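# Commentary on secondary and tertiary structure
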Amino acid sequence: MIHTRVSGTGSYLPGEPIGNTELIERYKLDSSDDWIIERTGIRTRHLAPAGVASSDLALEASRRALQAAGCEANDLDLIIVATSTPDYIFPSTAALLQHKLGNDNGAAAFDVQAVCSGFVYAMTIAEKFIRSGSHKRALVVGAEVFSRILDWSDRGTCVLFGDGAGAVVLEAANEPGILASAFHADGSHHGILSVPGQVCGGTVTGDPFLRMDGQAVFKFAVRVLAEVAHEVLDAAGMTTSQVDWLIPHQANVRILQSTARKLHLAPENCVVTVAEHGNTSAASIPLAFDEAVRDGRIKRGQHLLLEGVGGGFTWGAALLKF
Ligand code: ACO
């Protein structure tokens, strides 16, 4: 049987961290450092400079993941980028990344659009390709420049997000790896979190900014994150007591704490980066994953539970032995 293992991780954040007070002054927001920290846990975020696109952030994160995996761009036969802020309408950010990386062996490259669940979706897809035997080594990236779709006069959303990218290399292996994964969607909730605009006849029609019903998102997120965690644990015949690290989508520290509590996981077993990164949507899970690998918290052989929830609504989880 073919298994799938994570052979390397990488991440990248653009520029210097921007604190809440600096952000409030820059955009003349009626807010405060205390309010943002108390309601979200966020202290800083990174914002990509003008002209820097998702594929640029993805490139840096991917180079680091390839180096950690000990392989080169042409060793990849599959490249998937999870993003809701692609460089272009088309071609895909994955195809642009393939070119920037110098992969010229005809690897498949495509984007996945599942907003903040995008990385878990992409990882689940790549795992199925590898397990089927059709592909041997995949680069899975979450990359976002959410700063481009924020309404900087809407204090209820613009303080929450940041830009960044994270990447993993997945490869075929004899031993497990990814033990179980699941992904779901319920489009009836599309209205509580969306960017309801489009390009039509050369102009933007509708609303090109992120809109959110924060309290509805909060309740939905906590419910489905607990459900999907149990789904993958049950599929693998494991319990939460066997999970070394929970690596959740980094939306809001209160969502993370509620989810960990519901799963009876100690806060110390939860990787939390939202304070420094803000919510980087599809990039947040691989960013947190890479940070905890590089600072030595996550070690080979440990069991990791990755899970995400995002606009759509979409949600998913992956349980793996690192
Ligand atoms: N600074 C100061 N006041 C603010 C700010 C701000 N940045 N934002 C909103 N407020 C005000 C509101 O205007 C409101 O004022 P009012 O009472 O005069 O009308 C008051 O604070 C309370 O607003 P609520 O929306 O009820 O505040 P709440 O406690 O729900 O916190 C928040 C808002 C932080 C958005 C919360 O609902 C939340 O965390 N929701 C989850 C949403 C989330 O994380 N989304 C991320 C994207 S989705 C995802 O990644 C899955």
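Now for a look at the structure at hand. (Residues numbered from 1 in each chain as written. Predicted model: local features only at pLDDT ≥ 70, side-chain atom pairs only at ≥ 80, totals over all residues. Heavy atoms only, no water.)

### Quick look at the overall build of the protein chain
When you go through the protein chain residue by residue, the secondary structure sums to 10 helices and 15 strands. For the protein chain, the C-alpha radius of gyration of 18 Å lies close to 20 Å, the compact-globule estimate for 322 residues. Considering the protein chain as a whole, with its 322 residues, one finds that 54% of them fall into the buried category. A separation of at least 24 residues holds for 76% of the contacts in the protein chain among residues at least 6 apart in sequence. By element, 52% of the accessible surface of the protein chain is carried by carbon and sulfur atoms, the whole surface being about 13,300 Å². Positive and negative side-chain charges of the protein chain, numbering 26 and 35 respectively, have mean locations separated by a distance of 2 Å. (Helix = DSSP H or I, 4+ residues; strand = E, 2+ residues; numbered from the N terminus. Rg over C-alpha atoms; globule rule 2.2 N^0.38 Å. Buried < 20%, exposed > 50% of the residue type's maximum accessible area, 1.4 Å probe, protein only. Contact = heavy atoms within 4.5 Å. Areas by Shrake-Rupley, 256 points an atom, 1.4 Å probe, with all protein chains shown as cover. Lys, Arg positive; Asp, Glu negative; His and termini not counted. Charge placed at Lys NZ, Arg CZ, Asp CG, Glu CD.)

### Side note on the site of the ligand
In the neighbourhood of the ligand, 23 residues make up the surrounding shell, with S31, R39, Q215, H249 and N252 lying closest. For the ligand, a nitrogen atom lies 2.9 Å from a polar atom in the backbone of G214. Look at the ligand: alone it shows 1,000 Å² of surface, and the protein chains cover 74% of it. Of all the secondary structure elements, the ones that give two or more residues to the shell around the ligand are α2 (33-40), α6 (155-158), α7 (214-236) and α8 (253-262). By residue number, the principal contributor to the shell around the ligand is α7, which donates 4 residues. Among the residues making up the shell around the ligand, the classes are represented as 11 nonpolar, 8 polar and 4 charged. Summarising the domain contributions, the shell around the ligand has at least three residues from each of domain 1 (3-174) and domain 2 (179-321). (Near = heavy atom within 4 Å. Polar contact = N/O pair within 3.5 Å; in protein donor to acceptor, adjacent residues only side chain to side chain. Nonpolar A, V, L, I, M, F, W, Y, C, P; charged D, E, K, R; others polar. Domains from an automatic or database assignment.)

### A look at the nonpolar core
When a protein is soluble and globular, its nonpolar side chains tend to lie buried together. V159, V232, L246, L305, V309, F313 and L319 are the most contacted members of the largest nonpolar core, which has 50 residues in total. When residues of this core are assigned to their parent elements, the largest contribution, 11 residues, is made by α7. Counting contributing residues, this core receives three or more from each of domain 1 (3-174) and domain 2 (179-321). Discounting chain neighbours no more than four positions away, the residues touching L246 are A260, L263, L265, N269, C270, V271, L305 and E307. In terms of nonpolar packing, the next biggest core, distinct from the first, is built from 31 residues, F119, I178, A288 and A292 among them. (Core = buried A, V, L, I, M, F, W, Y, C linked by side-chain atoms within 4.5 Å.)

The values reported here are purely geometric and, on their own, carry no functional implication.
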